[in-house]
Amino acid sequence: MMKAIIFDFDGTLADTLPVCFYAFQAVFKEFDNKEITSDEIKTMFGPSETGIIKENLIDTNHDKAIELYYEKYREKHRDLVVENAEINDLLRFLKKKGYKLGIVTGKASRSLLISLDYLDMNDLFDVIITGDDVTIPKPHPEGLNEALALLNIKNTEAVFLGDSDADIQAGNQADVYTIGVQWLPNYQALEFRVQPDQMLSNVNEFIQSLKNGRYE
């Protein structure tokens, strides 16, 4: 019996990729005088924002660069990240039905907390694993396994939803039923190189699958 639903965050629960791109572009322009595209930024995803900057920025003043990232992320969050009524309704529906909810994300806790605060999602999740909480980021299953342990459930009692190849690979390696989603305006994988157990293009499909007992 399914007891928990675990989500990736960027591109899955919130359309935050535009503000991530904006903040990274500001950092690379300011410190490396380099214009980078959204696609170039996507190739860096995996580590937290802190890790991305430390691994990819030529300028060695990483601490100031990281602070600029968070400044820009907060500065444009309200303009670039729009609340999604369907996602909000989904999360409240799941809570009402008694499912445990989790987030496993590569984001640093600092930026995730900014987003959860702006989107009024602070009180919805039973477990949150960020990029700061793991030694090895997705596609390694460490974060997902840690979430399952904290929820005290088996891998057969959860589903994991994400929008990137790294999400699908992590879910597969954790032996969790894994769903690839493309239901927000901006998501990471146009085509998944590793096939998820299910593909969803809108939130209502997921709700119908739940009501039909697909995951039981």
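Before going into details, it helps to say that this report is about the structure given with it. Because the structure is a prediction, the values reported are computed rather than measured.

Definitions and cut-offs
Position numbers for residues start from 1 in each chain and track the written sequence from start to end. With the structure being a predicted model, the display of local features is reserved for residues of pLDDT at least 70 and the display and counting of side-chain atom pairs for 80 or more, all residues being used for whole-chain, interface and lining totals. Derived side-chain values reflect all non-hydrogen atoms in the structure, with water molecules and hydrogen atoms excluded from consideration. Working definition: helices are DSSP H or I runs of at least four residues, strands are E runs of at least two. Numbering for both runs from the N terminus. Whether a residue is buried, partly exposed or exposed follows from its accessible area with a 1.4 Å probe, protein chains only, as a fraction of its type maximum: under 20%, in between, or over 50%, in that order. By the convention used here, residues are in contact when the closest approach between their heavy atoms is within 4.5 Å. Paired strands are those between which DSSP finds at least two bridges. Axis definition: a line fitted to C-alpha atoms, limited for helices to the stretch in contact. Angles are taken between N-to-C directions and run from 0 to 180 degrees. Nonpolar core, defined: a set of buried Ala, Val, Leu, Ile, Met, Phe, Trp, Tyr and Cys residues in which side-chain atoms within 4.5 Å join the residues together. Like-charged residues are merged into a patch within 9 Å and nonpolar side chains (Val, Leu, Ile, Met, Phe, Trp, Tyr) within 5 Å, provided each residue has over 30% relative accessible area and no salt bridge. Methods summary: accessible areas were calculated by the Shrake-Rupley approach with a probe of 1.4 Å, and residue burial reflects only the protein chains presented. By convention in these notes, a salt bridge is any Lys or Arg side-chain nitrogen within 4 Å of a carboxyl oxygen on Asp or Glu. By the counting scheme adopted, Arg and Lys are positive, Glu and Asp are negative, and His together with the chain ends is not counted. Charge placement uses NZ in Lys and CZ in Arg. For Asp and Glu, CG and CD serve respectively. Two aromatic rings from Phe, Tyr or Trp, using only the six-membered ring of Trp, form a pair when their centres are within 6.5 Å; if the ring planes differ by under 30 degrees the pair is stacked, by over 60 it is edge-to-face, and anything between is tilted.

1. Details of the side chain of Thr 50
Part 1 of the argument: Assignment of secondary structure puts Thr 50 in helix 3 (residues 49-56).
Part 2 of the argument: Residue Thr 50 is classed as buried on the basis of its relative accessible area of 19%.
Part 3 of the argument: Beyond its immediate stretch of four places on either side in the chain, Thr 50 contacts Ile 66 and Tyr 70.

2. Observations regarding the sheet that holds strand 1 (residues 4-7)
Adjacent strands of a sheet pair through backbone hydrogen bonds, lying either parallel or antiparallel.
Part 1 of the argument: Reading across from one edge, 3-2-1-4-5-6 is the order of the six strands in this open sheet, with parallel pairing throughout. Strands with a single pairing partner mark the edges of an open sheet, and in this sheet they are strand 3 (127-129) and strand 6 (198-200). Looking at each pair of strands side by side, their axes are set apart by 20 degrees on average, direction ignored.
Part 2 of the argument: In this structure, strand 1 lies alongside strand 4 (residues 158-162), joined through four bridges in parallel fashion. In the strand pairing of strand 4, Ile 6 is matched with Phe 160.

3. A short note on the nonpolar core
Part 1 of the argument: Core analysis: the biggest nonpolar cluster contains 56 residues, and Ile 5, Phe 7, Leu 94, Phe 125, Trp 183 and Phe 206 have the highest contact counts within it.
Part 2 of the argument: Here this core gets nine residues from one element, more than from any other, and that element is helix 1 (residues 17-32).
Part 3 of the argument: Those residues within four positions of Ile 5 in sequence are excluded, and the remaining contacts are Leu 94, Tyr 99, Lys 100, Leu 101, Gly 102, Val 159, Leu 161, Phe 206 and Leu 210.
Part 4 of the argument: If you look at the next biggest cluster of nonpolar residues, it comprises 15 residues, including Ile 6, Ile 129, Leu 144 and Ala 147.

4. Considerations on a negative patch on the surface
Part 1 of the argument: Taken together, the side chains of Glu 83, Asp 117, Asp 120 and Asp 123 define an acidic patch exposed on the protein surface.
Part 2 of the argument: Along the chain, Glu 83 turns up in the loop between helix 4 (62-80) and helix 5 (85-96).
Part 3 of the argument: With a relative accessible area of 47%, Glu 83 lands in the partly exposed category.

5. Some details on the packing of aromatic side chains
The description of two aromatic rings rests on the distance between their centres and on the angle between their planes.
Part 1 of the argument: Applying the stated criterion to the full structure yields seven aromatic pairs.
Part 2 of the argument: Taken together, a centroid distance of 5.3 Å and an interplanar angle of 65 degrees make the contact between Tyr 177 and Tyr 215 edge-to-face. Here Tyr 177 is found in strand 5 (residues 177-181), whereas its partner Tyr 215 is found in the segment after helix 9 (203-211), with 38 residues between them in sequence.
Part 3 of the argument: Tyr 177 gets classed as partly exposed once you look at its relative accessible area, which sits at 24%.
Part 4 of the argument: The interplanar angle of 45 degrees and the centroid separation of 5.8 Å between the aromatic rings of Phe 206 and Tyr 215 together place this pair among those described as tilted.

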